[in-house]
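Take a look at the letters that make up each chain.
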Amino acid sequence: MEAARLLIREAKEADLRALIGLFAADAVGGHGDTTDPSAYDDYLHAFRTIAASREQTLYVAERAGEVVGTFQTMITTTLTGRGGSAMIIEAVQTRADMRGQGIGAAMINFCIDEAKSRGMRMIQLTSNNARKDAHRFYERLGFKPTHLGFKMLLK
């Protein structure tokens, strides 16, 4: 299986243009991502903020030296669940021409293994309501649709 040659590693600033391209190509997300050079500094600021955080990590999936996927994890600790910590998975993207090759599953399984090794009590993620294929994908990997999420866009 080709996914066996996949490298999952922390993202580097040199990956930023490839990551921006992944997000800008996502027509469903509605996040307003763009490859317009005037937006680069916004992405660079966000990248550096994530890289400086002890509780957030941005990853890339790389094959043959090319970024083919990405995801971000965040760790949060709450008083609920007896003070347990949870891993939140966000911004999961596989390059459109690489979908169906096990890259998404490898990225999510990486998260599961990482969360287990760090003693997390759970992993959670959200997915756009329009992404029905993604919902089936997450359920196949063992996730359950247990909550309803809400958002309020501020800008």
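Attention here is on the structure that accompanies the text. Here the structure is a predicted model, which is why all the values come from computation and not from measurement.

Moving on to the pattern of salt bridges. Applying the stated criterion across every chain yields a total of eight salt bridges. Two residues, Asp-15 and Arg-9, come together in a salt bridge whose shortest N-O distance is 2.8 Å. Summarising the burial analysis for this pair, Asp-15 and Arg-9 share the class buried. Residues joined in a network through salt bridges with shared partners are Arg-9, Asp-15 and Glu-62.

Here we take up the pairing of strand β4 (residues 85-94). Where burial is concerned, most of β4 is hidden: seven out of the ten residues are buried. Relative to β4, strand β3 (residues 66-77) runs antiparallel, the two being bridged by eight bridges. Its bridge partner being in β4, Gly-69 is matched across the sheet by Thr-94. In terms of strand pairing, β4 meets strand β5 (residues 122-125) through four bridges, oriented parallel. The residue of β5 that forms the bridge with Met-87 is Ile-123. Handedness of the crossover is the feature at issue here: the chain leaves β4, passes through helix α4 (residues 103-117), returns alongside β5, and the resulting connection is right-handed.

This paragraph deals with the side chain of Glu-62. Topologically, Glu-62 is positioned in strand β2 (residues 56-63). Judged by relative accessible area, Glu-62 falls into the buried class, the value being 17%. A distance of 2.7 Å separates the side chain of Glu-62 from the side chain of Arg-9, its partner in a polar contact. Those residues within four positions of Glu-62 in sequence are excluded, and the remaining contacts are Arg-5, Leu-6, Leu-7, Arg-9 and Val-68.

Mapping Ile-112 onto the fold places it in helix α4. Look at Ile-112 and you get buried, because its relative accessible area is 16%. Between the C-alpha atoms of Ile-112 and Ile-89, which are 23 residues apart in sequence, the distance is 9.9 Å. Not counting chain neighbours up to four residues away, the residues in contact with Ile-112 comprise Ile-123, Leu-141 and Phe-143.

Scoring rules and cut-offs
- Residues numbered from 1 in each chain as written.
- Predicted model: local features only at pLDDT ≥ 70, side-chain atom pairs only at ≥ 80, totals over all residues.
- Heavy atoms only, no water.
- Salt bridge = Lys/Arg side-chain N within 4 Å of Asp/Glu carboxyl O.
- Buried < 20%, exposed > 50% of the residue type's maximum accessible area, 1.4 Å probe, protein only.
- Helix = DSSP H or I, 4+ residues; strand = E, 2+ residues; numbered from the N terminus.
- Pairing = 2+ DSSP bridges.
- Right-handed = clockwise from strand over helix to strand, strands pointing away.
- Polar contact = N/O pair within 3.5 Å; in protein donor to acceptor, adjacent residues only side chain to side chain.
- Contact = heavy atoms within 4.5 Å.

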